[in-house]
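These are the residues of each chain, in order.
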Amino acid sequence: MTVMAQAGKKVALTGNEAIARGAMEAGVSYVASYPGSPTAEIPGVLALAAAACGHYVEWSVNEKVAMEGAAAASFAGLRSLVVMKADGLNVALDFAGALALSGCRGGLVVLVGDDPAAHSSIREEDTRTICKAVHLPVLEPSSVAEARDMTREAFSLSEFLALPVVVRCVTRVCHASGDVTLGAIPPVERRPVFGREDRVITFSARLHALLEQKMARAAEHFAASLFNAYSGPGQSDTLIIASGPAVFYAREARELLEQEDRVGILKLGTTWPLPASLLLAHLRGVKRVIFAEEVEPFIEDGVMALAAAEGLLHLSFYGKRSGHVAGSFGPGAGELDVDILKEALAGALGLPYSRPVVAAVAQSLGQEMPVREFALCAGCPHRASFWAVKAALELDGRGGVVIGDIGCYTLGMAGTGYHLLQTVHSMGSGVGIAGGLSQLRRFGFDRPVICVLGDSTFYHAALPALVNARFHRSNFLCILLDNETTAMTGHQPHPGRLTTAMGEAGDTVLPEELIRGMGLPCSVADPYDVEKTAVLVCDEMRLPGPRVLLLRRACALVAVKGREKDTVSVDPEKCLGDACGCARFCSRVFGCPANIWDETAGRARIDEAVCSGCGVCAALCPRQAIVVKRREGVGT
Amino acid sequence: MTGQESLRQKILDRGLCTACGMCVNLCPYLGAYRDRVAALHPCGLADGACWHVCPRSGLDPKQMDLSVFGRLREDHALGCFSAIYFSRAVSKAPGAQYGGTATALAALALEAGLVPAVAVTGGDALAPKPVLAVTREEVLAGAGSKFTAVPTLAAVNRGQKQGLTGLGLVGRPCQVAAARKMAETTVPGYESTVPPVALYLGLFCFFAFAPEFYGFLSCEAKAEWVVRSDIPPEELVVVTAAGEQRWPLAELKPLVRPGCHHCFDSTAEWADLSVGSTEYDPDWNTLVVRTVLGEKLLALALERGVLEIRPYPPERLPLLRRAALGKKQRVLAGDRELSGLALDFEYEAAVLRQQGGASGDGNGTGR
């Protein structure tokens, strides 16, 4: 594993690997996380290194529990790391706010992955605004090497401030690769100490004042931090203040416009609290300031407030507030790039600028390119579940509504899931929404209510809503799409699995045990048996709820790993092509990527490269034209 | 348009579906749950077998007579038939209705190898379901009338998928008509060299109850195990483990499937053999022999001592004819479009000319 290479070596790491390495170089003892893009790989890397380094890694049920565990280690004097995505910080926020008040002992680093443009997220939340609200310092790496540096230094900083420190790392840094000169990994030597006399209490208004003092100390410290750096002429009239990967976009824009002699760039690596004295020193000499940051105008608002407070009224500001720094979605939305900053800089300096012209050939190619739609994987059990639910809704005929949740099955909102999902919000929220809708019966709402959620989401945040539903006699069907893993983020284990992140045996907590323990009825079925599942959904919809239908089938990607697949093929004699009344059902409607249409033969075909061998399409084909050859050699 | 969209708009959405099940399992776009047939997804095809096999999408009795019997009917009340008897099973299956004739004939056809399987309506009164019976026991388990509509023909289509053709069917008149239409269909991809159903055992049926009937049964019968139910002319009788309960038929009228009010055929006119009650002697059935195949099966049943028959009392015949005609005449008096009938003026006049079509309440003969 490259990330475990010897100190002194220069190796190529991904941002996530660099962060993991940084934590190990800082001597981290305790790592906890709930997986989320773009940071899901970090705990995985640390888990692989756990045996060699002696630290502990767990995939917790959610980010709040993860942060609580990491805090415990910190209270006992150990260095701890908690990793999450921006949405995860919201889940942990109640505790994070309290933890900011109580402070910590051992260095505690909260590594949050922000996802500007929401490549694999519900929203592009800017973690810095949350950290400002709860008074947590924020570091913001702009490169892979800096991700390692900042993670490592964040532990010392946390101990210096006696406060958790947040490292905000965006997708483009987490997923980039870059050279890192490795430092030494010290042995995990600290021993936990938490005696009867130790107190970590938040119950005092005085603590807020103390917290403000800590933040003031942080601002002072950041003013001298090497993570902030100026590059440019000694005298300039224009300053770009940049953070994260936008630092590089700003540099390139300046270079392309040949403004190196005129424009200075202040790279901010410490974005909260703002290093006021450093900023003022740079602001005093310039006329105009351009902001290059993703997502919110966070530094921008802070700097403008600072300038106003200091009476620097001669400055012109160019950023999201002025509308100069804006991508195709407008200011404050989406990622930045070189072109956006080039346009902003040219606008601020009054230089001619025209957007790059897309070559005609590229334009025509763009028109010919098919739209790449969302798609569940070939053989995905969710597709089978969704078809069964869709069928059940039609068969039931009462206009049942379907409430969604967060996971691979969020794609149920798209064509690949037959546009079934009518609401999608946050982890576990579907159960609460379903409960609320079903309570509207007293006002005349008479549609059956179904919610779907995955197994990992179930453990993460659905349990309180289910308890609430039982107590208040809500009436809905909760369909638990149990694919036996946290599939979307890379198959991390959850409490329903046999082994933990570190490969140790876990004491498995089966969902049906929890559900029945709550006193809720729970049926279990295999979604690959679509017809039976549809009938079961109809049956369950007619029974008083809340009740749970557990559709269990391993994620197709996991099921076929390292095994010989069942082979599925189309019998061209039996497939009638367009003469069949099925109207190309398998490839056009059911929509598994492995079901394709052979234009030349005028017949359905199986794309063996992607087919998982599940055989669901074979059961749905009205002509028995799809043949499944089981591994044992038994034809069906 | 003669495809799924028409089926949905003109039949399903208007509540005219009889839940015969003939369109279910033909393609992936139609399904059935209990007695509700529904379009699962628009197939987008302008023409489809689902529309053509539907007993409500268009039914020309003259055409049906010609294709089944090779001749036109003389009796507009009961259709083509060669004989009519009272009949009963020598050894009546447990739970069988009246004389147990239909169950006995179905079991015999299976055992004699006339058909590889029989589509019957199994399950109990509260949860009836289509069953493709391949053993005598499975046929016997389907004994006893179910008063709700069950898409039994879905089991025929399932059988087709498994390579089973030339099946037996114990079905309502609409199911017999649908299966006959299926055998004749010319929709590409659905033409059959061997018809899906080879033996048609029709049941008398004046109406089926809507799904609400289940609720009625389970509430009114106090959720007791329903052993047997019966609809003689005036009332519903439900026999449970706790005893016998009766309800006047007028109370149940709102629970009748709306589509049944537009049905022209109460005696399964295109079956090989039609079986119903006698409205006279609860231990016997009415048995109408219609085709050569029907005659052969009856002869076999008598030869093997499976059935016994006696002459149909001449004084009862006008009552049966009046009940069947009454239903036809009420349909002709109602919204003709909803019946899906293709009748020429002459035919219609002939039906209306028939004597004895008393208005009645339409419950002349239970099945």
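Treat the numbers as computed from the prediction; the structure is a model and nothing was measured.

Chemist: Which residues make up the side chain of Glu63(A), and what are the values?
Modeler: Residues and elements named next belong to chain A. Position of Glu 63 among the secondary structure elements: in helix H3 (residues 63–75). As a buried residue without a salt bridge, Glu 63 has its nearest oppositely charged side chain in Lys 85, at a separation of 8.1 Å. Within the local environment of Glu 63, its side chain forms a polar contact with the side chain of His 460, the two groups lying 2.7 Å apart. In this structure Glu 63 touches Tyr 34, Met 84, Gly 88, Val 91, Ala 92 and His 460, once residues within four positions along its chain are discounted.

Chemist: A description of the domain arrangement of chain A should follow, citing residues and the corresponding values.
Modeler: Per the domain assignment, the segments of chain A are domain 1 (2–193 + 202–223), domain 2 (229–349), domain 3 (381–559) and domain 4 (567–629). Just the C-alpha atoms count here: the centres of domain 1 of chain A and domain 4 of chain A sit 49 Å apart.

Chemist: Can you tell me about the sheet that holds strand E7 (residues 197–203) of chain B, naming the residues and giving the values?
Modeler: All names here are of chain B. Reading across the sheet, the eight strands line up as E5-E4-E6-E7-E11-E12-E3-E13 and stay open at both edges, with mixed pairing between neighbours. In the strand order of this sheet, the two ends are held by strand E5 (127–133) and strand E13 (307–311), each with one partner. Each neighbouring strand pair of the sheet contributes to a mean axis angle of 30°, computed without reference to strand direction. In the sheet, E7 pairs with strand E11 (residues 273–276) via three bridges, with the strands oriented parallel. Its bridge partner lying in E11, Leu 201 is registered against Leu 273. With respect to the sheet, helix H6 (residues 153–161) is in contact with strand E4 (118–124), E5, strand E6 (167–171) and E7, its orientation differing from that of E5 by roughly 35°.

Chemist: Tell me about the nonpolar core, and name the residues and values.
Modeler: Residue and element names in this part refer to chain A. Phe 386, Val 431, Ile 450, Ile 479, Phe 590 and Ile 626 are the most contacted members of the largest nonpolar core, which totals 136 residues. Ranked by residues supplied to this core, first place goes to helix H14 (residues 381–396) with nine residues. Discounting residues that sit within four places of it in the chain, Phe 386 has contacts with Leu 376, Tyr 409, Gly 412, Gly 417, Tyr 418, Leu 420, Leu 421, Val 452 and Leu 481. Grouped together as the second largest cluster of nonpolar side chains are 94 residues, Ala 26, Tyr 30, Phe 75 and Leu 211 included.

Chemist: Please provide a residue-by-residue account of the packing of helix H9 (residues 246–256) of chain A against helix H12 (residues 338–349) of chain A, values included.
Modeler: All names here are of chain A. Close contact between H9 and H12 brings their axes to 8 Å; oriented N to C, the two are set at 55°. With respect to their mutual orientation, H9 and H12 come out oblique. In this structure, H9 crosses over H12, and the sense of that crossing is right-handed. Contacts between H9 and H12 pair Ala 246, Tyr 249, Ala 250, Glu 252, Ala 253, Arg 254 and Leu 256 from the former with Val 338, Leu 341, Lys 342 and Leu 345 from the latter. Here the contact of H9 with H12 is built from residues that sort into eight nonpolar, no polar and three charged.

Chemist: Mind laying out the interface of chain A and chain B, listing which residues take part and the relevant values?
Modeler: The interface of chain A with chain B comprises 27 residues on the first partner and 20 residues on the second. Across the interface of chain A and chain B, roughly 1900 Å² is buried in total on both sides, 55% from carbon and sulfur atoms. For the pair chain A and chain B, the number of links is one salt bridge. A salt bridge links Glu531(A) to Arg158(B); the nearest nitrogen and oxygen atoms lie 2.5 Å apart. For the side of chain A that touches chain B, the elements supplying multiple residues, two or more each, are H14, helix H18 (530–541), helix H20 (585–590) and helix H21 (616–620) of chain A. Of all the elements, H14(A) adds the most residues to the side of chain A that touches chain B, at six residues. Partitioned by chemical class, the residues of the side of chain A that touches chain B number 16 nonpolar, three polar and eight charged.

Chemist: How would you summarise the environment of Val131(B) if you had to cite specific residues and measurements?
Modeler: All names here are of chain B. Examined against the element boundaries, Val 131 turns out to sit in strand E5. Remark: the alpha-carbon pair of Val 131 and Leu 338, spanning 207 residues in sequence, is separated by 30 Å. Not counting residues up to four positions away in its chain, the partners in contact with Val 131 are Val 118, Ala 119, Val 120, Gly 122 and Ala 155.

Chemist: Would you mind going over the domain arrangement of chain B in detail, with residue names and values included?
Modeler: Residue and element names in this part refer to chain B. Per the domain assignment, the segments of chain B are domain 1 (4–210 + 256–353) and domain 2 (212–253). Contacts between domain 1 and domain 2 engage 16 residues on the former and 15 residues on the latter. Taken together, the two surfaces of domain 1 and domain 2 that pack against each other cover about 1600 Å², and 64% of this comes from carbon and sulfur. The largest contributions to the domain 1 side of the interface with domain 2 come from Leu 126, Phe 147 and Phe 209, which together make up 34% of the buried area. Summed over the shared surface of domain 1 and domain 2, the result is zero salt bridges.

What counts as what
Residues numbered from 1 in each chain as written. Chains lettered and ligands numbered in written order. Predicted model: local features only at pLDDT ≥ 70, side-chain atom pairs only at ≥ 80, totals over all residues. Heavy atoms only, no water. Helix = DSSP H or I, 4+ residues; strand = E, 2+ residues; numbered from the N terminus. Buried < 20%, exposed > 50% of the residue type's maximum accessible area, 1.4 Å probe, protein only. Lys, Arg positive; Asp, Glu negative; His and termini not counted. Salt bridge = Lys/Arg side-chain N within 4 Å of Asp/Glu carboxyl O. Polar contact = N/O pair within 3.5 Å; in protein donor to acceptor, adjacent residues only side chain to side chain. Contact = heavy atoms within 4.5 Å. Domains from an automatic or database assignment. Pairing = 2+ DSSP bridges. Axes fitted to C-alpha atoms, helices over the stretch in contact; angles between N-to-C directions. Core = buried A, V, L, I, M, F, W, Y, C linked by side-chain atoms within 4.5 Å. Parallel < 35°, antiparallel > 145°, perpendicular 65-115°, else oblique. Left-handed = near helix turned anticlockwise from the far one by under 90°. Nonpolar A, V, L, I, M, F, W, Y, C, P; charged D, E, K, R; others polar. Buried area = accessible area lost by both parts, 1.4 Å probe.

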